[in-house]
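What follows is each chain in one-letter form.
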Amino acid sequence: MPIVSDVKTTCKKCYSCVRGCPVNAIRFEEDQAELIKEECVQCGFCVNVCSQKNKVIRSDRKAVEKSLRNRRNITIAILAPSVVAAFDEEPNRLVGALKKIGFDKVYEVAQGASMVAREYAKLYGEPIQKPILTSPCPVIVNMVERHYPSLIHHLAPIVSPMIAIADYIKKQQKVSSDIVFFGPCVAKKTEIDKEYAKNTVDYVLLFSELKAMFAENEIYPGKVRPAAFNHFYEECRGQVFPVAGGLLKAAEISTDILNNKITVVEGKKEVLETFRAIEEGKLEPMLIDILYCKGCIDGPDFFHDNSSLQYRKRKVIEFANESIAKRAGDPEKPVKKNKVQISRRVYYKTLQQQRTIPSEEEIRDILAKSQKYSKEDELNCEACGYETCREKAIAVYQGIAELQMCLPYLLGQKENEVYYYKKRVENFMESVKEIDDRIIGHSDAIRAIKNFIVNASKTNSNVLLLGESGTGKTYIANNIHLCGERRNEAFVHINCSAIPKELIEAELFGYEEGAFTGARKGGSPGKFQQADRGTIFLDEIADMSPAMQAKLLQVIQDKEVQRVGGQQTIPLDVKIITATNKDLQEEIKKGNFREDLYHRINVLTFTVPSLRERPEDIPLLVEYLMDKLTKKYQLPLKTVSKEAMKVLCEYKWPGNVRELENLLERLLNMVEGSQIREKHVPLHLWKNENINPLANEVQPLESLLEKVEKETILNALKSTNNNRTKAANLLRVSRSNFYEKLKKYGID
Ligand SMILES: Nc1ncnc2c1ncn2[C@@H]1O[C@H](COP(=O)(O)OP(=O)(O)OP(=O)(O)O)[C@@H](O)[C@H]1O
C-alpha cells in the first residue's frame, strides 16, 4: 500500500489539496480528487487539509506490534528530536513508557544528527563549487528525484540523522533487531525504502501513532517511572536539528547575514523558488540548508497540534540547552568512522514521470473554453489550486485538471443559469397571474385547472382534455397556448366531428395542386402547417375515422406531414392538444379508437369537471360572463338578485358553462330594468325536479303539464307578492278558475 492513498470519494471540490500540493500530484476526474501516486512527494499536506478525510497515511503499527511480541529479536525505538515538542511529558518518562510497551532500547535520533552535522561541517570546509542542497528532509529529496531531476547532483550525498543512527545501532547490535523511528514526518516512511537506507530503519511511525499505542495499552507516560535513553555518543548538538537552521547550528556553521556561502530555505514557496533559481543558474555556489517544512517541528504530524510553532521551538531549544548543561565536561567519545554510513556514498535516482506539454495553440484553446480570451481574462486567482490560469490549462491538457475547476468561470456560468431560471420563474408567475384573471372560479377544481394550464404550457408534451360539452375545454386549450412560449404564434382549432370524412386529410395536412378535383391552384397548406411553431387543437378527437387516426398517429410520431398528392415531407414544430367529451377507454374497447394513438395523446391529461360539481363557482362566473357579454353586445350591465342567484346555483347545468353563458345572454337581452330577479329565471331552472320540459326523462304528459301548471302559478304568485287577482290576470285566467287550481294543487 502506498504511503498516502485515497480511501473515499466524497470530494467537495474545495481544491485545498491541489493548492497545497507542491508538485500538482492531484488529479481531478469527474469532480473527485485523486492522488497521482507516482508523482506524490509525501509531504502529507493533502491528508491533513482534507476535511472529508478522503486520504489516509499508511500505518505500520501492526508490524511493529508483531515485532514487539517476537521474542527472538529485539525492538529498538529511535525518537526524532522534535519529540519534546510533541509530548508534554518529560522525555525520560517517554522512554519508560516505550519500554513498558515492550521496546528493548530507546535512542535519541539527535545523536545521529550530531554525526550528520559533522559531515556537513566537513563538506562546508571544502571548496564549494555549486549550490549544495542539504538532504535530511525526505520531502526535498522526493521533490528533486521526482520533479527536478536536473538538481540531483546538487543534493548533498549525506544520509539523514535517522539513517545515520540506525545504521550505527544495527552495526553495533549482536542480536537480530528491528528499529522503529518515531517522528512527525510522513515522508520518512518512504525514506526507509531507498537503496541507501537498506538494513537501517525497519519501520516509521508518527508521534500520533505512538500516542494511539500508549492509549490503547492504557499507558500514561506522565505516570510511568522515568528511564534513561540508550546512548553511545556523549554529544547533543543534534538536538536543535528540528528547528529551522538547526543543522547549521549543530554543525557549528555560522549563519551570519554577511556570510553568502550559506543560506537557510524553508517552506513550500521558498523551496520552489530556490529549485527554479538553481535550474536557471541564478544561484552562486553555496550551502543551502533546505527544509520543506519550517523545521521538523512544523512537520505534518503537528498539523492539528494546537500549540504554536514558536512554543514548539522554545521547547526544543530549552531541552537542547538543558542537555548541553548536563553533559558539559563529559569526554567526547566519537563514533568509529567506518561503522557509520554517513559519508558520500548516498546516491539518488531519477523518478520523474514525463508529462506531455501542449502547444501554445492548444493552451489558448483550453483557456478559451473557460472564457479566457485575453491576458486580462486570466485572473490567476489560484482558487483552482494552480498558480496561474495557464498552468491550470496545461493540467487540463494533461488530464489532471478539469475545465470547470475555475471558480470565476463557474460563478459566471451559475449566474447565467440563475438569470435564466429567474426569468423562467418570472414568466411562470406572470402566466399564473394571467390565468388567474382569465379562468374564473375559486373551487378546488378550478385551482387544479389553473395549475394544469401553467404546467402544460411550459412543455411541448401532448395534452389531452376530457370532460362534458361546454365545460371549457376549448377555453383551457387556448389558455395553455397563451401561457406558453408559443403565444405569439398561431392557435389553430379544428373540430374533427365537423369536417366531412373525405375532406379531413386535406384539411389537416394540406394538398398539392391537382391532388383532387376542385383542388386549388398552387395547392394549400393544411391546419398542421398553419399551426407550425404554434399550437393545434384537435377537438372531438374521438369522432375521427380509423383511417385518419392512423395518419394522425404517424404525424404525431414523426413530427412531419406530407400534403395530399405530395411527396415531400414537411417538418413541424407543433404543440398538440386534443379533446373529447367521450370516454376514450370505452371507445378503444368498442374498437372505435386506436389504443396506440390514445397512448400518444394521453401524456398530460386533465378531466375538466362539470359545472354541477363546482356550484361555488357559479356566482363568480355569472359576474364574469355578464361583464363579458355586456361589453360584447354593448348592453347595459344588470345585477342578479340573491334569490335569482340561488336558483342559478341550485340548477344542475347539463350544458355547463356554455348553457349558463347562453342563459345570461338571453336574460341581458330580455329583462327590463337593472336587476335580473327570480321571476325572470326560466321555470325549468327553479327546481331540479325535472320540471324542465326539455328534460330527457319520459313521463306521462298529464303529470308533466300539472307540474308545469303548478310551478307557473307559484311563479305568478311570487311575482305579484301573493296578490291572487293580479296573479290570475297575469296568467290570463278567470278568478274562479284560478281559485280552483289553487285548491287542486293545495296552494294556500
Ligand atoms: N372557467 C371559465 N372561466 C371563464 N369562462 C369559461 C370557463 N369555462 C368555460 N368558459 C366559457 O364557457 C364557454 C364554453 O367553453 P368551451 O367552448 O371551451 O367548452 P368545451 O368544453 O370546449 O365545449 P365542447 O366540448 O362543446 O367543445 C366558452 O365561452 C368559455 O369562454
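Residues numbered from 1 in each chain as written. Predicted model: local features only at pLDDT ≥ 70, side-chain atom pairs only at ≥ 80, totals over all residues. Heavy atoms only, no water.

**Digging into the sheet that holds strand E11 (residues 287-291)**
Adjacent strands of a sheet form backbone hydrogen bonds with each other and so pair up, either parallel or antiparallel.
In step 1: Ordered in space as E7-E11-E10, the 3 strands form an open sheet in which the pairing is parallel. Only two strands of the sheet have a single partner each, and these edge strands are strand E7 (132-133) and strand E10 (262-266).
In step 2: In terms of strand pairing, E10 meets E11 through 5 bridges, oriented parallel. Following the sheet pairing, Val264 is matched in E11 by Asp289.
In step 3: Helix-sheet contacts for helix H12 (residues 268-279) involve E7, E10 and E11, and the interaxial angle to E11 is about 145 degrees. (Pairing = 2+ DSSP bridges. Helix = DSSP H or I, 4+ residues; strand = E, 2+ residues; numbered from the N terminus. Contact = heavy atoms within 4.5 Å. Axes fitted to C-alpha atoms, helices over the stretch in contact; angles between N-to-C directions.)

**So, the site of the ligand**
In step 1: In the region of the ligand, 19 residues are neighbours, and Ser469, Lys473, Thr474, Tyr475 and Glu661 sit closest.
In step 2: Here a nitrogen atom of the ligand sits 3.1 Å away from a polar atom, N or O, in the main chain of Ile440.
In step 3: Arg658 is positioned with one of its side-chain polar atoms (N or O) 3.0 Å from an oxygen atom of the ligand.
In step 4: Looking at the shell around the ligand, the elements that each hand over two or more residues are helix H18 (473-483), helix H24 (618-633) and helix H26 (656-670).
In step 5: Taken together, the residues that form the shell around the ligand break down as 7 nonpolar, 5 polar and 7 charged. (Near = heavy atom within 4 Å. Polar contact = N/O pair within 3.5 Å; in protein donor to acceptor, adjacent residues only side chain to side chain. Nonpolar A, V, L, I, M, F, W, Y, C, P; charged D, E, K, R; others polar.)

**Structural notes on the UniProt feature "domain: Sigma-54 factor interaction" (unreviewed entry) in the protein chain**
In step 1: Here the UniProt-annotated "domain: Sigma-54 factor interaction" (unreviewed entry) positions come out as residues 439-669.
In step 2: Taken end to end, residues 439-669 is 45% helix and 16% strand, and its first and last C-alpha atoms sit 25 Å apart. (UniProt positions renumbered as here; feature names shortened; annotations may be inferred.)

**Observations concerning H18**
In step 1: Taken as a whole, H18 has its buried residues at Lys473, Ile476, Ala477, Asn479, Ile480, His481 and Cys483.
In step 2: The secondary structure elements touched by the buried residues of H18 are helix H16 (407-438), helix H17 (444-457), strand E12 (463-466), strand E13 (491-495), strand E16 (535-539) and strand E19 (575-580). (Buried < 20%, exposed > 50% of the residue type's maximum accessible area, 1.4 Å probe, protein only.)

**As for the UniProt feature "domain: 4Fe-4S" (unreviewed entry) in the protein chain**
In step 1: Taking the UniProt record as the reference, the feature "domain: 4Fe-4S" (unreviewed entry) is found at residues 362-423.
In step 2: Taken as a whole, residues 362-423 contains 55% helix and 0% strand, while its terminal C-alpha atoms sit 37 Å from one another.

**Notes on the packing of helix H14 (residues 360-369) against helix H15 (residues 389-397)**
A pair of packed helices can be characterised by two numbers: the angle between their axes and the separation between those axes.
In step 1: One can describe the packing of H14 onto H15 by two numbers: an axis separation of 9 Å at closest approach and a directional angle of 100 degrees. On the basis of the axis angle, H14 is roughly perpendicular to H15. Packed against H14, whose contacting residues are Glu360, Glu362, Ile363, Ile366 and Leu367, the element H15 presents Cys389, Arg390, Ala393, Ile394, Val396 and Tyr397 at the interface.
In step 2: In terms of residue class, the contact of H14 with H15 is built from 8 nonpolar, no polar and 3 charged. (Parallel < 35°, antiparallel > 145°, perpendicular 65-115°, else oblique.)

**Examining the side chain of Thr134**
In step 1: Assignment of secondary structure puts Thr134 in the loop between E7 and helix H7 (138-147).
In step 2: A relative accessible area of 0% means that Thr134 is categorised as buried.
In step 3: Separated by 3.3 Å, the side chains of Thr134 and Asp289 make a polar contact.
In step 4: At a separation of 3.0 Å, a polar atom in the side chain of Thr134 contacts the main-chain amide nitrogen of Ile290.

**Quick look at the environment of Arg390**
In step 1: Position of Arg390 among the secondary structure elements: in helix H15.
In step 2: You can call Arg390 partly exposed: its relative accessible area is 30%.
In step 3: For the pair Arg390 and Leu717, spaced 327 residues apart in sequence, the C-alpha separation works out to 97 Å.
In step 4: In this structure, Arg390 is in contact with Glu360, Ile363, Leu367 and Glu378, ignoring residues within four places of it in sequence.

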